[in-house]
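Tertiary structure, described
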Amino acid sequence: MKRFTMVCLAMALVGMLCGIALAGDTLENVKKKGVMVCGVKDSLPPFGYVDEATRTIVGYDIDFCKTIADKLGVKLELKPVTSASRMPQLTEATST
């Protein structure tokens, strides 16, 4: 049992380190392209919804994305997504 636990912990650590390495590549890609793509829901107030007056997506999630993009010095591209389509769409956007 102790050996099994150690193997599981080792695998979790390797997975974490791989995730950190991929995140570093993503950050470099965002800076290189000059655009950060954020998948946001546009029908979940107050997190993200379409403002009827301006016809733009606004909300807490959008505010966070704008702040991060500003700190990185890149443009922000908002991509409306649903729960089911979020990961495939963002994966496609980052691979191009």
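Conventions used here
Residues numbered from 1 in each chain as written. Predicted model: local features only at pLDDT ≥ 70, side-chain atom pairs only at ≥ 80, totals over all residues. Heavy atoms only, no water. Patch = residues over 30% accessible without salt bridge, like charges linked within 9 Å, V, L, I, M, F, W, Y side chains within 5 Å. Areas by Shrake-Rupley, 256 points an atom, 1.4 Å probe, with all protein chains shown as cover. Salt bridge = Lys/Arg side-chain N within 4 Å of Asp/Glu carboxyl O. Helix = DSSP H or I, 4+ residues; strand = E, 2+ residues; numbered from the N terminus. Buried < 20%, exposed > 50% of the residue type's maximum accessible area, 1.4 Å probe, protein only. pLDDT = per-residue confidence, 0-100. Pairing = 2+ DSSP bridges. Core = buried A, V, L, I, M, F, W, Y, C linked by side-chain atoms within 4.5 Å. Contact = heavy atoms within 4.5 Å. Polar contact = N/O pair within 3.5 Å; in protein donor to acceptor, adjacent residues only side chain to side chain. Expected span 1.5 Å × (residues − 1).

Turning next to a nonpolar patch on the surface. Together, Leu-44, Phe-47, Tyr-60 and Phe-64 make up a nonpolar patch on the protein surface, roughly 430 Å² of accessible area in all. One can find Phe-47 in the loop between strand E2 (43-44) and strand E3 (48-50). Overall, Phe-47 belongs to the partly exposed group, its relative accessible area being 38%.

In this section: the confidence of the model for the chain. A low pLDDT means the predicted coordinates there should not be read in detail. Chain-level statistics for the chain give a pLDDT mean of 81 and a share of 72% at 70 or above. Model confidence for the chain, summarised as mean pLDDT per element, is weakest for helix H1 (residues 2-33) at 65 and strongest for strand E4 (residues 57-58) at 96.

A separate point is the environment of Thr-26. Structurally, Thr-26 can be placed in helix H1. When the C-alpha atoms of Thr-26 and Met-36 are compared, they prove to be 9.8 Å apart, with ten residues separating the residues in sequence.

It is worth spelling out the sheet that holds E3 at this point. Taking strand neighbours across the sheet as the criterion, the three strands line up as E2-E3-E4 in an open arrangement whose pairing is antiparallel. Each edge of the sheet is formed by a strand with only one pairing partner; in this case those strands are E2 and E4. Relative to E4, E3 runs antiparallel, the two being bridged by two bridges. By the bridge assignment, Val-50 is partnered in E4 with Ile-57.

The next subject is the nonpolar core. Counting nine residues, the largest nonpolar core consists of Val-30, Met-36, Cys-38, Val-40, Ile-57, Ile-62, Cys-65, Ala-69 and Val-74. Looking at this core, the elements that each hand over two or more residues are strand E1 (35-40) and helix H2 (60-72). Not counting the four nearest positions on each side in its chain, Ile-57 is found in contact with Val-40, Lys-41, Asp-42, Tyr-49, Val-50, Ile-62, Leu-78 and Pro-80.

Before going further, it helps to examine the side chain of Ser-85. The residue Ser-85 is located in the loop between strand E5 (75-80) and helix H3 (86-95) in this model. Within the structure, Ser-85 has its side chain in polar contact with the side chain of Thr-82 (distance 3.0 Å).

The next thing to look at is the pairing of E1. Side chains Met-36, Cys-38 and Val-40 project from E1 onto a buried face, and the interleaved Val-35, Val-37 and Gly-39 project onto a face without burial. Relative to E5, E1 runs parallel, the two sharing six bridges. Of the residues in E5, the one forming a bridge with Gly-39 is Lys-79.

This part covers H2. Helix length check: H2, at 13 residues, gives a terminal C-alpha distance of 19 Å against a target of 18 Å (1.5 Å per residue), a fit within 8%. Looking at the buried side of H2, the elements it contacts are E1, E3, E4 and E5. Where H2 ends, the next residue or the one after it, Gly-73, has phi of about 75 degrees, a positive value.

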